[in-house]
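As a plain string of letters, each chain reads:
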Amino acid sequence: MPAPAALLHSTPEARAGAVLTVDLAALVENWRLLKRKAAPACDMGAVVKADAYGLGLEPVARALKAAGCATFYVAHLDEGLALRPIVGPEPRVVVMHGPNPGTERDFAGQRLIPVLSTPQQVKAWGSFAQANDVLMESLVQIDTGMNRLGLTESEFAGLMNDPDGFAGLTPLALMSHLAVAETPAHGLNAQQRARFASALSTFRLKFGDAKGSLANSAGIFLGTGFQYDFARPGAALYGVNPNPDGPNPMIPVVRLQAKILQVRRVDAPSPVGYGATFQAPDGAKLATVSMGYADGLLRSWGAGGHGHVDDVKVPVAGRVSMDLTTFDVSAVAASSLGPGAMVDIIGSRQSVDDLAAASGTIGYEILTALGRRYHRRYLPAPAAARK
Ligand SMILES: *Cc1c(COP(=O)(O)O)cnc(C)c1O
């Protein structure tokens, strides 16, 4: 436990080894951009699972709610329970993993909307609703080609053909998830959409006013035919490119800067870091920052990765260690390496997607791996821009 703040003489920012800046105005701008991409009747929600992709559930959800977002999606019940007091009673909170056995009462208590993905969940929720006489909405998820989560084609057909199959349910929507939405030319997109459209029309024979929900971030960009009634964007809100083969239409939301702890010059060719995998040439200038793999930098980024000091690209020198990473800053002027100097890891010269590509992964993994030791700075959404 840290000492109580009142007993300390320094600010959290002064104590931290790195600074993570989250631009809530950019986040809100991205949500609006997605909303403009969709038909006016489409409910543009926000996926805020995994602590809003690592950026902080509370500030992110507050900013989006203030901008008019009325439907939030999380993965776990506990995430829904955490979100309810943040957004207040009105917004829909959809829990995508649905109720684990015995948790139904806690969904109902906080008006959390479960996604039902197995016959067992459908049955348990239906029985709970009937036994307690609650008319709580749910979403029913079907699998349309990803084989990850959702009723299989035959499970769905079985429930549809059984007069008591969906007994007790008040479905808000039928839902499915796209496997290859960020590859628009892939044939599976059209296949999934066709299966979804057909299942939705069958579902509506039982539940006339059931809506549809299919699109994640990239799905929204596949066009209005994929958007249906409830869109579920996550990554694009946080600045990740929803169509990786083209320019990024989203605004960057995240900046990550690591404080330089020490600068040294080597006066002979010398190894750097664990394993001595990197040889710094004679005269090289090295800067070690207060950030490592415990903070979400991937070890696989070490070979070939780089940051920036001002406009100068600085290669990672050697391996990323748990709390420290060293850069070759030979090309950086001494005046840029004074007290308080930082290395830009994510910023205007290296996007989340760039850092991910250099680490052999995707922006989603970079964001959700972001560490807990950063000082987090939130740039507010301008009040004037709120609706
Ligand atoms: C995570 C998730 C989303 C959001 O996907 P993005 O690609 O981040 O927009 C939408 N739907 C489901 C079912 C998810 O699990």
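Calculation notes
Residues numbered from 1 in each chain as written. Predicted model: local features only at pLDDT ≥ 70, side-chain atom pairs only at ≥ 80, totals over all residues. Heavy atoms only, no water. Buried < 20%, exposed > 50% of the residue type's maximum accessible area, 1.4 Å probe, protein only. Helix = DSSP H or I, 4+ residues; strand = E, 2+ residues; numbered from the N terminus. Pairing = 2+ DSSP bridges. Right-handed = clockwise from strand over helix to strand, strands pointing away. pLDDT = per-residue confidence, 0-100. 1 Å grid on protein atoms, 1.4 Å probe; cavity = no way out; pocket = protein on both sides within 12 Å on 5 of 7 lines; lining within 4 Å. Points joined across faces, edges and corners; volume = space filled by probe spheres on them. Nonpolar A, V, L, I, M, F, W, Y, C, P; charged D, E, K, R; others polar. Domains from an automatic or database assignment. Expected span 1.5 Å × (residues − 1). Arc of directions from axis to C-beta. Contact = heavy atoms within 4.5 Å.

A closer look at the pairing of strand 6 (residues 112-116)
Counting buried residues in strand 6 gives 5 out of 5 residues, a clear majority hidden from the surface. As defined by bridge partners, strand 5 (residues 92-95) adjoins strand 6 across 3 bridges and the pair is classed as parallel. The residue of strand 6 that forms the bridge with Val 95 is Pro 114. For the segment spanning strand 5, helix 6 (residues 104-109) and strand 6, crossover handedness is right-handed. With helix 7 (residues 119-132) bridging strand 6 and the parallel strand 7 (residues 137-141), this β-α-β connection has right-handed handedness.

Considering the confidence of the model for the chain
Of the residues in the chain, 98% have a pLDDT of 70 or more, and the chain-wide mean is 96. Between the elements of the chain, mean pLDDT differs from a low of 94, seen in helix 1 (residues 12-15), to a high of 99, seen in strand 3 (residues 46-47).

Digging into the layout of surface pockets
Roughly 770 Å³ of internal volume is contained in the largest pocket. Secondary structure elements with two or more residues in the lining of the largest pocket: helix 3 (49-53), helix 10 (217-220), helix 12 (352-359) and helix 13 (363-369). Of the residues that constitute the lining of the largest pocket, the class distribution is 19 nonpolar, 10 polar and 5 charged.

Describing the domain arrangement of the chain
When the domains of the chain are assigned, the result is domain 1 (24-238) and domain 2 (254-350). The gap between the C-alpha centroids of domain 1 and domain 2 is 42 Å.

Let's talk about empty space enclosed by the protein
Remark: the empty space left among the atoms is shown by a probe the size of a water molecule rolled over them. Under the defined criterion, the tally for this structure stands at 2 cavities of 30 Å³ or more. Of the residues assigned to the lining of the largest cavity, the class counts are 3 nonpolar, 5 polar and 2 charged. If you add up the space inside the second largest cavity, you get close to 30 Å³. Considering the residues around the second largest cavity, the lining is formed by Leu 256, Asp 295, Gly 296, Leu 297, Ile 346, Leu 355, Ile 366, Leu 370 and Tyr 374. Looking at side-chain class alone, the lining of the second largest cavity contains 7 nonpolar, 1 polar and 1 charged residues.

Some points on helix 7
Taking 1.5 Å of rise per residue, 14 residues should cover 20 Å, and helix 7 covers 20 Å from first to last C-alpha, within 8% of that figure. Turning to helix 7, its buried residues number three or more, namely Gln 121, Val 122, Trp 125, Gly 126, Phe 128 and Ala 129. Buried residues along helix 7 cover an arc of 160 degrees about the axis, so they all sit on one side. Opposite its buried face, helix 7 presents the exposed residues Gln 120, Lys 123, Gln 130 and Ala 131, each directed more than 90 degrees away. Buried residues belonging to helix 7 abut helix 6, strand 6, strand 7 and helix 8 (153-161). Within two residues after helix 7, Asp 133 carries a phi angle of roughly 55 degrees, on the positive side.

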